[in-house]
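# Descriptive analysis of the structure
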Amino acid sequence: MFFLTVLLCSYLQISQQIQKTTANGKEMLSNPRLKPVQGTLNVEMNQNVSLSCHSDSGTPPVRYTLFKHNQKISTLNRSDLTPGLFNLTINSASDIGEYKCKAENNISSGGKYSNSLNFTLKEPISKPVLSSPTSQAKEGQNVTLSCLSENGSLPITYVFFKGRQSISPPVKMQKKEAAVIFLFMNSSSDFGIYKCRAENSFCNNTKYSNSFNFTLAEERSHSQPLIISLGLILLLFIIGFALAIPFFIIPSYKAKKYKSTRSSTGFTSTTNAEEPEDYVIYTEIEPVKPEEEYVNFSVIRQEDEKEKAACATVYSKVFIRH
């Protein structure tokens, strides 16, 4: 049984060797391997990198061709089985890949292709922005804080701080989205200045955000709106009263005063300021016919209550406008 197993293994090895060898004794190339010379796929913008394409077995000479997105970008010839080294410069995001290489010799038909390879572009992060829907809160209220760097290669790790003390575990974001934490403003010590920190795999690239200050919202009295409303109503009343004085109150007062100076007998009394208080002159006006231009009136002078003297009737020409 053991002898049969040894014979079977030998047969398989011989078969594989025959498949790699042509009738002329030349060996076909193995599938090449593509790998970065620097050992890492993380690159930075404007960085120079080298890719190695190598077939471990096969009959030289070997021709290596490098492809990016299935487009040929460079070809190297080797007289032996040493690797083909391709030098590149990462100038833009399109230079990160996808890369493949092909190995050919004189006996291979179509050549052999390698594995695919993609670089990861390391971009420095921008200063993160810390924000919240509100900057004022009450005790016992829930609030949120958001931290986001607009630029930077992923993943980005965020940490939140209250003063200089960390208040959250690291939050790693695999997408260009803000890291969000929820805070409960339990007491006055929870109010104050907050910050956040952002970092990624880019070397020595850690940045802190702006400061964000939560303040305690003032409790407004329920009577304040009522007081303001009453004040506005009073102000409108004063303005209305001031506007009514020249149009309604003054004309009404003048009319009442004029009416009180006239007696029911048709007499009008006049008093001279230089004469005694009991010295009064009464004048009675008797209109005549409308077409005449004069009227008769009599003057009665009263010096005191005991003496009354009537003066003669005096006629005066009065111009009447129709």
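This section reports on the structure supplied with the text. (Residues numbered from 1 in each chain as written. Predicted model: local features only at pLDDT ≥ 70, side-chain atom pairs only at ≥ 80, totals over all residues. Heavy atoms only, no water.)

So, on to the overall build of the chain. Within the chain, the regular secondary structure consists of two helices and 25 strands. Classification of the 322 residues of the chain by burial places 26% in the buried group. Relative to all contacts within the chain whose residues are 6 or more apart in sequence, the contacts with residues 24 or more apart total 55%. Element-wise, carbon and sulfur atoms account for 56% of the exposed surface of the chain, whose accessible area totals about 22700 Å². (Helix = DSSP H or I, 4+ residues; strand = E, 2+ residues; numbered from the N terminus. Buried < 20%, exposed > 50% of the residue type's maximum accessible area, 1.4 Å probe, protein only. Contact = heavy atoms within 4.5 Å. Areas by Shrake-Rupley, 256 points an atom, 1.4 Å probe, with all protein chains shown as cover.)

Turning our eyes to something else, we now look at the sheet that holds strand β13 (residues 141-148). Pairing is antiparallel across the open sheet formed by three strands, whose spatial order is β11-β13-β17. Of all the strands in the sheet, the pair left with one neighbour each is β11 (129-131) and β17 (179-185). For this sheet, the mean inter-axis angle between neighbouring strands, taken without regard to orientation, is 20°. Where β11 meets β13, three bridges bridge the pair, whose relative direction is antiparallel. Paired with Leu130 across the strands is Cys147, a residue of β13. (Pairing = 2+ DSSP bridges. Axes fitted to C-alpha atoms, helices over the stretch in contact; angles between N-to-C directions.)

What follows deals with the sheet that holds strand β1 (residues 33-36). The three strands are arranged β1-β3-β6 in an open sheet whose pairing can be described as antiparallel. Edge positions in the sheet fall to β1 and β6 (84-89), since each has one partner strand and no second. Strand-to-strand twist in this sheet, taken as the mean axis angle between neighbours without regard to direction, amounts to 25°. Looking at chain direction, strand β3 (residues 48-54) and β6 are connected through six bridges and run antiparallel. Bridge pairing in β6 places Ser50 opposite Asn87.

With that out of the way, let us pick up the pairing of β17. Here β17 shows one buried face, formed by Ala179, Ile181, Leu183 and Met185, and one open face, formed by Val180, Phe182 and Phe184. Two elements, β13 and β17, share seven bridges in a ladder whose sense is antiparallel. Bridge pairing in β17 links Cys147 to Ala179.

Turning next to the pattern of salt bridges. Tallied over the entire structure, the rule returns five salt bridges. Its salt-bridge partner being Asp56, residue Arg33 comes within 3.7 Å of it at the nearest N-O pair. Pair noted here: Arg33 is in strand β1 and Asp56 is in the loop between β3 and β4 (62-68), with a separation of 23 residues, a long-range link. Residue classification places Arg33 among the partly exposed positions, given a relative accessible area of 47%. Residue classification places Asp56 among the partly exposed residues on the basis of a relative accessible area of 48%. Linking Glu104 and Arg63 is a salt bridge whose minimum nitrogen-to-oxygen distance equals 3.4 Å. Placement of the pair is Glu104 in strand β7 (residues 97-104) and Arg63 in strand β4, with a sequence separation of 41 residues. Judged by relative accessible area, which is 15%, Glu104 ranks as buried. When its relative accessible area of 36% is taken as the criterion, Arg63 is described as partly exposed. The network of salt bridges with common partners includes Arg63, Lys102 and Glu104. (Salt bridge = Lys/Arg side-chain N within 4 Å of Asp/Glu carboxyl O.)

A word on the nonpolar core. Ranked by size, the top nonpolar core spans 20 residues in total, and within it Leu130, Leu145, Phe160, Leu183, Met185 and Phe214 carry the most contacts. Element by element, the count of residues in this core is highest for β17, at four residues. Apart from residues no more than four positions distant in its own chain, Leu145 is found in contact with Leu130, Ser131, Ser132, Phe160, Ala179, Val180, Ile181, Leu183, Tyr194, Phe212 and Phe214. Grouped together as the second largest cluster of nonpolar side chains are 18 residues, Leu34, Phe86, Cys101 and Phe119 included. (Core = buried A, V, L, I, M, F, W, Y, C linked by side-chain atoms within 4.5 Å.)

Position of Lys127 relative to the elements: it lies in the loop between β10 (120-122) and β11. Sequence separation between Lys127 and Leu148 is 21 residues, and the spatial gap between their C-alpha atoms is 8.4 Å. Sequence-distant contacts of Lys127, that is, excluding residues within four places in its chain, are made with Leu148, Ser149, Lys207, Tyr208, Ser209 and Asn210.

With that settled, the discussion passes to the state of the cysteines. Going through the model one piece at a time under the given rule, you end up with two disulfides. Disulfide pairing is shown between Cys53 and Cys101; the S-S distance is 2.0 Å. Classification of the bridge connecting Cys53 and Cys101 rests on its S-S torsion, roughly 80°, and on that basis the disulfide is right-handed. Placement of Cys53 in strand β3 and of Cys101 in strand β7 is noted, with a sequence separation of 48 residues between them. Judged by relative accessible area, Cys53 falls into the buried class, the value being 0%. The residue that forms a disulfide with Cys147 is Cys196, at a sulfur-sulfur distance of 1.9 Å. Between Cys147 and Cys196, the S-S torsion sits near 65°, and that sign places the bridge as right-handed. Separated by 49 residues along the polypeptide, Cys147 in strand β13 and Cys196 in strand β18 (residues 192-199) bring together distant segments of the chain. Note on Cys196: relative accessible area 0%, which makes it buried. Described in terms of the sequence order of its bonded cysteines, the disulfide pattern of the chain is 1-2, 3-4. (Disulfide = S-S within 2.5 Å.)

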